[in-house]
Structures are given as structure tokens and as C-alpha cells.
Amino acid sequence: MTASPMTSIPRIALRGDLLDFTDDPGFAAPAGAAGVRFRPDHWLLVEDGRIVGAQADDPAPGWERVDHRGSLVMPGFVDTHVHSPQLDVIASYGTELLEWLNTYTFPAEARHGDPAVAVAGAERFLDALLAHGTTAAVVFPTVHKVSADALFAGAQRRGMRLVAGKVLMDRHAPDYLRDDVKDAERDCVDLIGRWHGRDRLAYALTVRFAPTSTSAQMQMAAALLQAHPGTYMQTHVAENRDEVRWVAELFPEARSYLDVYHRHGLLNERSVLAHGVWLDDTDRALLRETGAQIAHSPSSNLFLGSGLFDWFAAEGQGAHVSVASDVGGGSSLSMIRTLADAYKVAAMRGVKLTAWKALYGATRGAARALHLDHEIGSLEPGRHADIAVWDWASTPLMQHRVDLAQDLHEKLFAWMTLGDERLLESAYVAGVRRYRRE
Ligand code: GUN
Ligand code: ZN
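Remember, predicted model here, so these are calculated numbers, not experimental data.

Asker: I would appreciate a short explanation of the packing of aromatic side chains in the present structure.
Answerer: Given two aromatic rings, one states the distance between the centres and the angle between the planes to describe the pair. What the rule picks out here adds up to nine aromatic pairs. Ring centres of Phe-27 and Trp-311 lie 6.0 Å apart, and the angle between their planes is 90°; on these two criteria the pair is classed as edge-to-face. Of the two residues, Phe-27 is situated in the loop between strand 1 (11-21) and strand 2 (36-47) and Trp-311 in helix 10 (residues 311-316); the sequence distance between them amounts to 284 residues. Exposure remark for Trp-311: the relative accessible area of 5% places this residue in the buried category. Plain terms: the ring middles of Phe-77 and Trp-390 are 5.6 Å apart, the flat faces sit at 50° to each other, and that makes the pair tilted. Of the two residues, Phe-77 sits in strand 5 (residues 77-83) while Trp-390 sits in strand 14 (residues 387-390), which places them 313 residues apart along the sequence.

Asker: Got a minute to help me understand the site of ligand 1 in this structure?
Answerer: Around ligand 1, the structure places His-83, Gln-86, Leu-97, Trp-100, Leu-101, Arg-208, Phe-209, His-236, Glu-239, His-275, Ser-300 and Asp-326. Gln-86 has a polar side-chain atom sitting 2.8 Å from an oxygen atom of ligand 1. Here ligand 1 has 280 Å² of accessible area as a free molecule, and 100% of this is covered by the chains. One can see that ligand 1 is located within the largest cavity. Considering every element that reaches the shell around ligand 1, the biggest residue donor is helix 1 (residues 97-110), with three residues. In terms of residue class, the shell around ligand 1 is made up of four nonpolar, five polar and three charged.

Asker: Is there a simple way to explain the coordination of the zinc ion (ligand 2) in this structure?
Answerer: Geometry reference: four tetrahedral donors at a metal, ideal angle 109.5 degrees. Six octahedral donors, ideal angles 90 or 180 degrees. Bound to the zinc ion (ligand 2) on the protein side are His-81 (NE2), His-83 (NE2), His-236 (NE2) and Asp-326 (OD), at distances that span 2.0 to 2.2 Å. Here the zinc ion (ligand 2) binds four donor atoms, and the angle range of 91 to 165° at the metal identifies the geometry as irregular. Taken in chain order, the donor set of the zinc ion (ligand 2) reads H-x1-H-x152-H-x89-D. Taken together, the residues His-81 in strand 5 and His-236 in strand 10 (residues 232-237) connect sequence positions 155 residues apart.

Asker: I'm lost on the environment of Leu-302 in this one. Help?
Answerer: By the secondary structure assignment, Leu-302 is in helix 9 (residues 298-303). C-alpha of Leu-302 to C-alpha of Lys-182: the two residues are 120 residues apart in sequence and 37 Å apart in space. Leu-302 has contacts with Leu-308, Asp-341 and Val-345, leaving out every residue within four places of it along the chain.

Rules used in this analysis
Residues numbered from 1 in each chain as written. Chains lettered and ligands numbered in written order. Predicted model: local features only at pLDDT ≥ 70, side-chain atom pairs only at ≥ 80, totals over all residues. Heavy atoms only, no water. Phe/Tyr/Trp six-rings, centres within 6.5 Å; stacked < 30°, edge-to-face > 60°. Helix = DSSP H or I, 4+ residues; strand = E, 2+ residues; numbered from the N terminus. Buried < 20%, exposed > 50% of the residue type's maximum accessible area, 1.4 Å probe, protein only. Near = heavy atom within 4 Å. Polar contact = N/O pair within 3.5 Å; in protein donor to acceptor, adjacent residues only side chain to side chain. Areas by Shrake-Rupley, 256 points an atom, 1.4 Å probe, with all protein chains shown as cover. 1 Å grid on protein atoms, 1.4 Å probe; cavity = no way out; pocket = protein on both sides within 12 Å on 5 of 7 lines; lining within 4 Å. Sits in = over half its atoms within 2 Å of the grid points. Nonpolar A, V, L, I, M, F, W, Y, C, P; charged D, E, K, R; others polar. Donors = N, O, S within 2.8 Å, 3.2 Å for Na, K, Ca; no water. Tetrahedral: all angles 85-135°; square planar, octahedral: opposite > 155°, others 65-115°. Contact = heavy atoms within 4.5 Å.

Below is the structure:
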């Protein structure tokens, strides 16, 4: 008799308070918001790395049970704009954007041309993302091909959804960090061939920002974007007033900073533009027409003194907006702290951001803006089981405050405002536990 082959599909059931979003809660008041789905003390069923259901009843025998009772179980956060090498310069004192780049950032990024530094940096960064409950990200490494390779390889080993690409910068940067159109094109083509569409990885043509790329380099990036379906484009736009003035001098023919990218064929529904603090109505209409999104980076905008992004106005004109840490301009990889800053930035503009809208923007909203809603950002059946398990409080004072909350929004808003990565208990990527607090 021949033994039949054993196929063992891991079946895991996670117990906790399940929170995700079925739709965009928008800027409605907390009580009136649609799209919020809270299932307290439920089991989330995960089979072969994907969510297959949720139920209040105990799972049948045969499911491996993981008891996170009393914890908040959410989709892992999606950070739509973050720089892996900039963990080396996070929390650097005293500068605005252009001086910050020259003083701290460029010298630090130069070191990642060394393969050993690039690999160690990518590993540290990816582990740190997971330890902050972020399971998917859109990432800038450095101009060096080896730094992109290290990031993709590390994300692949962890089973993570990652969008990244070698940084393009062929002018207005130190010699030691500049590429040129021909070498950059060759590197991009090689990286796209080896990484784009492999497992959960996607390539992004990564124009650092308009001042550091020639027109020829942006045209090259646009041609590759066209030629390789599913690739993304990531860059920075209208972050800082001096930067905006500089772009106007460099591209006098363009109507605006955003228009520089449009003229070069770089705006489409897979374009991720960080900041957008200094956009006008015509720019916002262009975002709507092209489907390009703004990666709102409130901590970075506060830390570098860049300005106050108008999330409400951007979405009012139909632009997609997600939320991003922008480390190392941003001062924390924690999306919880980033959302707390987003609330304060909105408040300065006279708008009140609910915890619903904020959390949506860092989960399903980001997934939707990236056209990855079918894979990440929610607890719907069929999605990859990228999940973060959070305590409700990390200090006695925080516990005191959440215990006093009268309803779920009040509790979550206190959680978002007072919390950080200390709340994280576990992070799962495609159903595999990749972070567990000691
Ligand atoms: N603009 C161009 N490069 C950068 C960067 O590394 N960080 C931020 N915040 N803005 C940029
Ligand atoms: Zn950035």
C-alpha cells in the first residue's frame, strides 16, 4: 500500500477584539461614521496565510488557537512613505528640509553603498517596521543598487508586501551620491527584472525629488513606468517653501511643482507623492484626474517645520490620501504616533480627524490608494493575514484613560493619541508570527 501524500495547511484562529474598516469613514463625526467594523472577542480564522473568516463561536477542532483575548486585533499598518537608511539620522537637530538633506541625510545615505552596511541597515529597518506593527510599506532605500537589493531580499525572506526602488538622483547632490541616466536605467531594468512581481514585492521608479533629477532622468523613469505594468512611481512634492521656490526656478515652464512630474509623464494611479503641503486647487484637481496619491507625513512636516497639509481639502477635491511616517524626516516609525500628529495638524487647520478616519488612512485607505485593497489593509476573507495585535494600554495612566471611555470611539481616540509601539504584542505576516514582544 502506498501512503497518500500528507498536505498540511496551517489553520490558525486568533482570538481578540477585531477592528477594521469596510469603507472610508470620511470626515463624518465619530457617531455618524460609516464603514467601521468592530467585532469584540471574535476568532479570526487564517488558513495558509490568508484570512478565511471571523466568528464569535469557538473554532472547530483542528484549528490551532492563539488566545489574544482582551487585545485589539487589526490589519497591520501600511506606511506609504519611509526611508530605510534614515534610521541613521532620525531625530537630528535644528534644520529645515534642504539643510537637513545636506547636513545629515546625504552623508548617512552614502554609507549604504557599502554592501555590509546596506544589508545590516535593511534588516534593522524591516525588523523595526514589524516591531511597530507595520507589515507593508512603500520605501526609499538609497541611490545604490545594493541598498534596493538588500531591502527586497529582506522583505522577501519575511514574506512582506513591499514597494521600493533604487533612488534616482543625477544632479544637485554630492558626487558620492549621484547616478546618471544610463547607469540608473540599467540598474532599474535589472532590479525590475529580478524583483518586480516576485512574491509580494513591487518596483517603484523612485525619483528622489524634482531638484535632484534632470528632465532626461525623469523621462527615463516615465518610460520604464510605462513599459513595466504594475510598477509604481514614488517621489516628494511641495514639502517646504524654499524647496518649492527652487523647483520654480529650475522648471520655469511648469505651472507648479506637481506639474513638473505631470509634464514628465510621472503621474498615474500608482504614483505616491509624499507631503503635498504647498499644493493649490489646480494641483489637487490634477491629483484627482491622474489618480496619484499624497502620502501625508504629519510628523515629518512638524519636525522639519515644513507646514500643515490640508487632508480635508485634498480629499474634498477627490485626491487619494494615505498616511506615512517619512522617517527620518519623521521622528517615529510608529503609525500610532503618526496618526496622533495627523490629528494635531488637522486641528491647526480647523478640522477634527476621527480615530476612524485616521486608522482607515493607515490601513484600508492606504491599501486602496495603492490598489492593493484585494491583498492588504483589512480583515476581509481572502486578504493576506498581515495582522497586528495591540494592548489597549501601555502605562497605568493610559489604562486609566481608556477605562474611563464611554464608547468605542472615545477609547480608540485615547489609544491613538496616547499610544505607541509599546502597545504591540505580536505582528503576523501572511499568517506567520514575525514579531512577538518578549
Ligand atoms: N525631499 C527629498 N529627499 C527627501 C528626504 O529624504 N526626506 C524628505 N522628508 N524630503 C525629501
Ligand atoms: Zn521622504
